[in-house]
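# Descriptive structure summary
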Amino acid sequence: MNLNGEVERLHDDPCSGWCTTRQWGDSRCKGCGRYENEIAQWSSLSVVYRKLRVLENSEEGYPIRHMNKKGWRPVPVNLIELP
């Protein structure tokens, strides 16, 4: 990752800036698809593991920043419809 926060390698942090594990206590982030323990230990995980998680989460439809154009930001989704 460069100083602008842009992804340069597949094993860079896939965070899209909408972490639900820290804000809402979810076990799996709805922003990038990583689990809470993966987020906390991301830099100490092996490069191969990180690459595979990025590919797996992308395949599952999570909006990781590796697969989006520069300047892209996710659009929040209303999870609960209020009457």
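Residues numbered from 1 in each chain as written. Predicted model: local features only at pLDDT ≥ 70, side-chain atom pairs only at ≥ 80, totals over all residues. Heavy atoms only, no water.

### Structural notes on the overall build of the protein chain
In plain terms, the rule: Secondary structure elements are taken from DSSP: a helix is a run of H or I of four residues or more, a strand is a run of E of two residues or more, and numbering for both begins at the N terminus. Burial classification: accessible surface area is computed with a 1.4 Å probe over protein chains only, and a residue below 20% of its type maximum counts as buried, one above 50% as exposed, and the rest as partly exposed. When checking whether two residues touch, look at their non-hydrogen atoms; a contact exists if any pair is within 4.5 Å. Only the protein chains shown count as cover for residues, with accessible areas throughout obtained via the Shrake-Rupley method and a probe of 1.4 Å.
Across its full length, the protein chain holds three helices and zero strands. Traced from its N-terminal end to its C-terminal end, the protein chain shows the element sequence α-α-α. Across the 83 residues in the protein chain, those meeting the buried criterion constitute 30%. Summarising the internal contacts of the protein chain: among those between residues at least 6 apart in sequence, 48% fall at separations of at least 24. Carbon together with sulfur atoms contributes 54% to the accessible area of the protein chain, which is approximately 5900 Å² in total.

### Quick word on the packing of aromatic side chains
To keep it simple, the criterion reads: Two aromatic rings from Phe, Tyr or Trp, using only the six-membered ring of Trp, form a pair when their centres are within 6.5 Å; if the ring planes differ by under 30 degrees the pair is stacked, by over 60 it is edge-to-face, and anything between is tilted. Comment: the charge-over-ring label is applied if NZ (Lys) or CZ (Arg) is within 6 Å of the ring centre and within 35 degrees of the ring normal.
The final tally for this structure, using the stated rule, is zero aromatic pairs. Seen from the ring of W42, R34 lies directly overhead, with NZ or CZ sitting 4.8 Å from the centre.

### Observations concerning the nonpolar core
To keep it simple, the criterion reads: Among buried residues, those of type Ala, Val, Leu, Ile, Met, Phe, Trp, Tyr and Cys that are joined through side-chain atoms within 4.5 Å constitute a nonpolar core.
Listed in full, the eight residues of the largest apolar core are C19, C29, C32, I39, W42, L45, V54 and I64. The residues touching C19, leaving out its near neighbours within four places in the chain, are C29 and I39.

### Structural notes on the confidence of the model for the protein chain
Note: predicted coordinates in regions of low pLDDT should not be interpreted at a detailed level. Using the following cut-off: Every residue carries a pLDDT, the predictor's confidence in it, which falls somewhere between 0 and 100.
Predicted confidence across the protein chain gives a mean pLDDT of 77, with 71% of residues reaching 70 or more. Per-element confidence in the protein chain is highest for helix α2 (residues 36-41), whose mean pLDDT is 91, and lowest for helix α1 (residues 20-23), whose mean pLDDT is 78.

### Comments concerning a nonpolar patch on the surface
Put simply, the rule is: Here a patch means residues that are over 30% exposed by relative accessible area and free of salt bridges, tied together within 9 Å if like-charged and within 5 Å if nonpolar (Val, Leu, Ile, Met, Phe, Trp, Tyr). One speaks of a salt bridge when a side-chain nitrogen belonging to Lys or Arg is within 4 Å of a carboxyl oxygen belonging to Asp or Glu.
Taken together, the side chains of L10, V48, L52 and L55 make up a nonpolar region of the molecular surface, amounting to roughly 350 Å² of accessible area. Secondary-structure assignment places L55 in helix α3 (residues 47-59). For L55, a relative accessible area of 42% translates into the label partly exposed.

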